[in-house]
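# Overview (structure and organization)
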Amino acid sequence: MNGVPSFPTLPSKKSSSLSKQFLSLLAAFCFGTTLAAGLYPALAQQSSSSDQITLPSGSSAVLPVPQPQFRGAIGRKASESTPDFPKDVTAPKGAPNVLLIMTDDTGFGAASTFGGPIPTPTLDSLAKSGLKYNEFHTTALCSPTRAALLTGRNHQSVGMGNITEFATGYPGYTSIIPKSAGTVGNILVDNGYNTAWFGKHHLVPEWMQGPGGPFDQWAGGLGFEYFYGFLGGDTDQFHPALFENTTPVLPPFGDPNYILIRDLADRTINWIRTQHAAAPNKPFFLYFAPGNSHAPHQASKDWIAKFKGQFDKGWDKVREETLTRQISLGVVPVGTVLTPRPKEIPAWDSLGDDQKKVYARMMEVYAATVAQSDHEIGRVIDALEQAGQLGNTLIIYLEGDNGASAEGTMQGTTNEVSGQFAPESIEFLVSMMDQLGSDRTYNHYPIGWAHAMDAPFQWTKQVASHFGGTRNGLVISWRNRIKAGGELRSQFHHVIDVVPTVLEAAGIQAPLLLNGTPQKPLEGVSMVYTFDDAKAPTRHATQYFEMTANRAIYHDGWIASTTPARLPWETIGAAPDPDAYQWELYNLANDFSQANNIAKDNPEKLHDMQSRFLIEAVKYNVLPLDSSFADRMDPTIRPNLLRGQTDFTYYPGMIRIPEANSPDVHNKSFRIAADAEIPQGGANGVLATQGGRFGGWSLLIFDGKPMFAYAYTNQDGTKYPNQRADKTRIAGTEKLAPGNHTIVLDFKYDGGGLGKGGLATLTVDGKKVAESRIEHTSPVGKFSLDESFDVGQDTGTPVIDEYDAQMPFKFTGKLEKVEIKLGPDTLTPQQRGELEQLKRDFALAVQ
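Conventions and cut-offs
- Residues numbered from 1 in each chain as written.
- Predicted model: local features only at pLDDT ≥ 70, side-chain atom pairs only at ≥ 80, totals over all residues.
- Heavy atoms only, no water.
- Pairing = 2+ DSSP bridges.
- Helix = DSSP H or I, 4+ residues; strand = E, 2+ residues; numbered from the N terminus.
- Buried < 20%, exposed > 50% of the residue type's maximum accessible area, 1.4 Å probe, protein only.
- Contact = heavy atoms within 4.5 Å.
- Phe/Tyr/Trp six-rings, centres within 6.5 Å; stacked < 30°, edge-to-face > 60°.
- Lys NZ or Arg CZ within 6 Å of the ring centre and 35° of its normal.
- pLDDT = per-residue confidence, 0-100.
- Expected span 1.5 Å × (residues − 1).
- Polar contact = N/O pair within 3.5 Å; in protein donor to acceptor, adjacent residues only side chain to side chain.

### Some words on the sheet that holds strand E1 (residues 62-63)
The 3 strands lie next to each other as E1-E14-E15, forming an open sheet whose pairing is mixed. Lying at the two open borders of the sheet, with one neighbouring strand each, are E1 and strand E15 (517-518). When E1 meets strand E14 (residues 513-514), the two strands line up parallel, connected through 2 bridges. In the sheet register, Val62 faces E14, and the bridge partner there is Leu513.

### Points about the environment of Gln582
Inspection of the secondary structure assignment puts Gln582 in the loop between strand E18 (558-562) and strand E19 (583-587). By relative accessible area, Gln582 is classed as exposed at 56%. Distance from Gln582 to Thr563, taken between C-alpha atoms, is 5.4 Å for residues 19 residues apart in sequence. Residues in contact with Gln582, not counting those within four places in the same chain, are Ser561, Thr562 and Thr563.

### So, the packing of aromatic side chains
For any pair of aromatic rings, geometry is given as the distance between the ring centres together with the angle between the planes. This model, assessed by the stated rule, comprises 33 aromatic pairs. Look at Tyr544 and Tyr620: their rings are 5.9 Å apart centre to centre, the planes differ by 15°, and that puts the pair in the stacked class. Of this pair, Tyr544 sits in strand E16 (residues 542-547) while Tyr620 sits in the loop between helix H15 (603-619) and helix H16 (630-633), and the two are 76 residues apart along the sequence. With relative accessibility at 7%, the residue Tyr620 sits in the buried group. Centroid distance Phe648 to Tyr650: 6.3 Å. Interplanar angle 10°. Geometry classified as stacked. Ring pairs connect the aromatic residues Phe108, Phe114, Phe457, Phe467 and Phe592, which therefore count as one cluster. In this structure, Arg551 is placed above the aromatic ring of Tyr581, and the distance from its NZ or CZ to the ring centre is 5.3 Å.

### Observations concerning the confidence of the model for the protein
With 89% of its residues at a pLDDT of 70 or more, the protein has an overall mean of 90. For the stretch residues 1-57, pLDDT sits under 50, and the model shows 85 contacts to residues farther than four places along the chain or on other chains.

### Quick notes on helix H10 (residues 353-386)
Counted at 1.5 Å a residue, the expected span for H10 with its 34 residues is 50 Å, and the 49 Å between its end C-alpha atoms agrees. Of all 34 residues making up H10, 24 are buried, and the element is well covered by its neighbours. In the segment just after H10, Gly388 is the residue with positive phi, at about 75°.

### So, the environment of Arg479
Tracing the backbone shows Arg479 in the loop between strand E11 (473-477) and strand E12 (487-489). Remark: the alpha-carbon pair of Arg479 and Leu126, spanning 353 residues in sequence, is separated by 9.6 Å. Leave out the neighbours within four places in its chain, and Arg479 touches Ser129, Glu385, Leu390 and Gly391. Within the structure, Arg479 has its side chain in polar contact with the side chain of Glu385 (distance 3.3 Å).

Put into structure tokens, the structure is as follows:
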């Protein structure tokens, strides 16, 4: 990470021994231990020295470790022979358990541990027994940070230059982690560890999320023996789209106390206890990644109630008070400047009474998500202590994968998808205040709160050029090893440094060959050197940052940053030319918050830093620089198993199929036909559905009668006052008689643009039973961010509330099949351009 390109050199005497070791291990990998022992006697001596495989320097340069030669004896009969079982690989003696925790969308100025207004007693407690890092950095966005965290390499270096939904096909932006960049899970599982992952994934490309795979980039392919969580960027906390390994799991419908964050903690605790009981001497690596502080901001009612009235003072005052606490705690230096609020964000005092009331409530809900997450993490840590495992567990608790999210619009929203194309009135938001944080909203807070949660820095999530997007609080605790409890560490570090830290702590080297593929070197540096020395100079001398052309370069205490050419919450207009971005320069030795731009006074220094950025950009696959949103959002630029297909056939039990892998009914005519047998006494249930409460459709039998329901947004004016009539129900008046029936919904799209209406006709056995117009349809290519296409039941939220209490509303008759036929795409080039603009808006919600 020194920012200077290096060239291959001839091996020195010192490296020749490593080369011999590597050759011997490579021979064992390729030819088997017995043959390799003949080629390399040293390997035979190693293999016969003990009953266990002894790994050089605590681990092997080749993984999996080659199976040792048979050391028994084989005679003509078993009575004349001696058996010898292959021995398992064991972790180095004293290797710790590792608990890696990373929360979601939580800025540096949110948690109390770093001066924020939200109490995080678990993080506080770990900081008292461990170390608090105030100069730790992420990539500014979700998938890129997660890829860098697990691989120990920069995000573009492993193909994750943006979220998986924005892959463009250049080497740094494929969203495909190369086999040459094995994860910490791959390494540890082959070095005698058990591995598990709970919570958010968001590293599986969209076209790989369906039941057809491939599963290389699911948790199992990344080295995790067990996974329980969700694949996408976010999920409904009350109706999560869960998988156990690769199998869909339905949440417990009807349980009023269910919420995902508690479920994750319960299952994590059970896994820890089971693993320890089954293999008490085997260390584990556990990755806990809750997603509840990412939109939708949903929390238990009792947690929301704890924050009533605490944010009535507004985002400007909260930001000021946060800096005061940060200085008092010492997590920022005395004299740190509070960077100004962007003029586009309104001053709190300029807002109306209804705005203040709603916006304060939205922040109360967000605070509840962060606090409840910290509480559940505390339960996991308590379980470790009760089992006597806490002392030898290295806990790495990263509060946030990027800065706070400014993707909730200026006024916040109850529906982060439709809120991008169907704005909500302040009157509607006021009417929904008591529902915020519940399963009736998919809510997000206003941009002003995101800015406050990133205090004292500029900007927010997405903006990789400034610390508001990339600076996150980190705590490391390891009671058996770290004795400097409660101390602060201010060495500059980055998320790519976590894997090297774990490997050094465990006494394991990064492999040169993993599953037959030569490995890229790790690009981060271990932080173990900081455990005992607060004043040790940082070993991470240079680090680039880049996200959608917002970029920066850190080197030896200086940082050069581009000025965002487009605000992170704006999507209108052409993508700015990356060369048109202005550059800023900061001396971090006396400017902790990037408040004093000294670029004009130091042109030579700025030029040097710009050159260093280009060197790093070439080295780590950052090029080509791309500031676009819409082009990245276009699914046609990525692989798709269904591209060009217009006719589909599905059968019962096909559930949790992602929207990207199912029929796209947007902006076109379509036909849905279900063949079903109705038993004596009638039947009810969902025949097929896509999306849910916040946008989607469902073909169902309700009260014995055929029905088609369409949700443009979550507003349902036919049932609730102060709401638009955005949900349409088309139902027959007579119950279906026993026997076989074909239920068909034909939708004839009006055309003439995006999101237009059309005529929906419901027929049974060719006879029209109901007909109605649907005045507005969803204009973008997805109804939701986390719901799916299901046949024979509804695994997410109901499209309409009539069957909410009966979820998953599995069809009680016999469903033979469902056929879907899509009409032609009739959009003109101009209308397609409008669609791309809408995708820009939608892109904000996806992240």
